[in-house]
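Residue-level listing of the chains:
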Amino acid sequence: MDILDKLVDLAQLTGSVDVQCLLGGQWSVRHETLQREGLVHIVTSGSGYLCIDGETSPRPVSTGDIVFFPRGLGHLLSHDGKYGESLQPDIRQNGAFTVKQCGNGQDMSLFCARFRYDTHADLMNGLPETVFLNIAHPSLQYVVSMLQLESEKPLAGTASVVNALSSVLLVLILRAYLEQDKDVELSGVLKGWQDKRLRHLIQKVIDKPEDEWNVDKMVAAANMSRAQLMRRFKSQVGLSPHAFVNHIRLQKGALLLKKTPDSVLSVALSVGFQSETHFGKAFKRQYHVSPGQYRKEGGQK
C-alpha cells in the first residue's frame, strides 16, 4: 500500500454521503463546527454563496464545485452571501438519501458527505481548513454521476452503493488535491511526505513502524547527515524523527485496539514498544486515556 492507503487506514475513517440538499428562494443554511468530523459539499446544480467562519468575504459556489472541510469548520451557505437566520429544512427520505428541502424552488442542489476519524489522523490534520476542488477531475465526475443516478429513484442495493462511494469519494478528493502540486497547503506528515528528500523514509516508517528505527538507520534511509535529518524533519513534519516514529506507532496501536481482540501487551509489542508499561504511558500522553479505556470507549475520546 502507498502512503495514502496507509494514512486512510490509520485514520479509522467512517463516512456517508447520503444527504441531498435542495435549496431555493431566500435560503440560508448554517453548519456549526464539528469535532473529529469532516464535511464535503458537492454542488450538482445552481449557485449560491459560502461564508466561512473567520473569513470576511463570501465565496461564490456553483455547479461542479466541491468544498471539503477536513475538520468541520463552521460555515454558512446562502442565496446572497449575507449572514441571516438559518432556515430549518423540510426533511424527507428518498431511498438511501435524506433529502433536505430549504425554501421554494431549486436554485442550488448539492450532496453532503460526512467523515469521522481518529483524533490524531494525520490524513485530516495535515490538510488546510478548507479544500476547494471541481468535479472537472475525471475520477470525481464518475462518482458524482453515480450518486446522482442512485438519488433519482430507489434501486436495489442503493444503501450499499452509497456507503461504498463515500470511501471512494474521500480518497479521490484527497488524490485530486495532492495532485495539484502548486497551491497545495499541507502540514505535519503530509507536508513531510511532499518533501522529496524525506518521502522515502516517511513511507518506510509508516509501512513498518514496528521496526527498530534508530537514528543511524533513518539517516541511511534518508541519505542525509544526522544534523540535516533532524533539521528537515522538524521544519517539515514538526516533530523529531524519534517522535514521528512513536506518533505512527501509537496510531497503529490505536487501530489495533479498536479493530482486534489482541491484548494490550500484544498490541504494544506488535507496534514496536518494548513493554506494555512504556506503550501505556506514551499512549496516554497522546490520547489522554489509557489503551484499555480507548478500547472500551471505541476510540471516542
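Remember, it's a predicted structure, so these values are computed and weren't measured experimentally.

What counts, and where the lines are drawn
- Residues numbered from 1 in each chain as written.
- Predicted model: local features only at pLDDT ≥ 70, side-chain atom pairs only at ≥ 80, totals over all residues.
- Heavy atoms only, no water.
- Helix = DSSP H or I, 4+ residues; strand = E, 2+ residues; numbered from the N terminus.
- Contact = heavy atoms within 4.5 Å.
- Buried < 20%, exposed > 50% of the residue type's maximum accessible area, 1.4 Å probe, protein only.
- Pairing = 2+ DSSP bridges.
- Core = buried A, V, L, I, M, F, W, Y, C linked by side-chain atoms within 4.5 Å.
- Arc of directions from axis to C-beta.
- Polar contact = N/O pair within 3.5 Å; in protein donor to acceptor, adjacent residues only side chain to side chain.
- Expected span 1.5 Å × (residues − 1).
- Phe/Tyr/Trp six-rings, centres within 6.5 Å; stacked < 30°, edge-to-face > 60°.
- Lys NZ or Arg CZ within 6 Å of the ring centre and 35° of its normal.
- UniProt positions renumbered as here; feature names shortened; annotations may be inferred.

On the secondary structure map, Tyr49 appears in strand E3 (residues 37-52). Between the C-alpha atom of Tyr49 and that of Asp80, which follows or precedes it by 31 residues, the distance is 6.2 Å. Beyond its immediate chain neighbours, meaning those up to four positions away, Tyr49 contacts Pro58, Arg59, Pro60, Val61, Leu76, Leu77, Ser78, His79, Asp80 and Gly81.

Right, let's talk about the side chain of Ser28 for a bit. Here Ser28 lies in strand E2 (residues 28-31). Once you skip the residues sitting within four places of it in the chain, Ser28 turns out to touch Leu76, Leu77, Ser78, Gly84, Glu85, Ser86 and Leu87.

Another point: the pairing of strand E8 (residues 97-102). Within E8, 5 of the 6 residues are buried, which leaves the element mostly enclosed by the surrounding structure. Where strand E1 (residues 14-23) lies against E8, 5 bridges are found, and the strand directions are parallel. The partner of Cys21 across the bridge, within E8, is Lys100.

For the rest of this paragraph, the subject is the nonpolar core. Among the nonpolar cores identified, the biggest contains 59 residues, and Ile42, Phe68, Leu201, Ile202, Leu229 and Phe244 are the most heavily contacted of them. Sort the elements by how many residues they give to this core and helix H4 (residues 158-178) lands first, with 10 residues. Counting residues in hydrophobic clusters, the runner-up holds 17 residues, among them Cys21, Val29, Val61 and Met108.

Attention shifts here to helix H1 (residues 3-11). In an α-helix, one turn spans 3.6 residues; hence positions three or four apart end up facing the same way. Those residues of H1 lying buried are Ile3, Leu4, Lys6, Leu7, Leu10 and Ala11. Summarising the axial view, the buried residues of H1 lie within an arc of 160°, below the 170-degree limit, and thus occupy one face. Where H1 is buried, its residues meet helix H2 (122-125), H4, helix H5 (188-194), helix H6 (196-207) and helix H9 (241-259). Near the N-terminus of H1, the side chain that reaches the backbone nitrogen of Leu4, with its oxygen 3.0 Å away, is that of Asp2. Immediately beyond the C-terminal end of H1, within one or two residues, lies Gln12, with a positive phi of roughly 55°.

For the rest of this paragraph, the subject is helix H11 (residues 276-287). Between its first and last C-alpha, H11 extends 16 Å over 12 residues, near the 16 Å set by a 1.5 Å rise per residue. In the core, the buried residues of H11 are packed alongside H9, helix H10 (264-270) and helix H12 (291-296). Where H11 ends, the next residue or the one after it, His288, has phi of about 65°, a positive value.

The next point concerns the packing of aromatic side chains. By the definition in use, this model includes 7 aromatic pairs. With 5.3 Å between their ring centres and 80° between their planes, Phe283 and Tyr294 make a pair best called edge-to-face. Of this pair, Phe283 sits in helix H11 while Tyr294 is found in helix H12, placing the two residues 11 residues apart along the sequence. Residue Phe283 shares its accessibility class with Tyr294, and that shared class is buried. One aromatic cluster is present, formed by Phe273, Phe279, Phe283, Tyr287 and Tyr294 through successive ring pairs. For Lys217, the ring lying beneath its charged end belongs to Trp213, and the centroid distance is 4.5 Å.

Residue placement: Gln20 occurs in strand E1. If we skip the residues at most four places from it in the chain, Gln20 touches Thr98, Val99, Lys100, Leu110, Phe111 and Ser151.

Only one face of strand E10 (residues 131-134) is buried: it carries Val131 and Leu133, and the other face, with Phe132 and Asn134, is open. Direction of pairing for strand E5 (residues 65-69) relative to E10: antiparallel, over a ladder of 4 bridges. Following the sheet pairing, Ile66 is matched in E10 by Leu133.

Here, the residues flagged by UniProt with the feature "domain: HTH araC/xylS-type" (unreviewed entry) are residues 196-297. Here residues 196-297 is 74% helix and 0% strand, with 39 Å between the C-alpha atoms at its ends.

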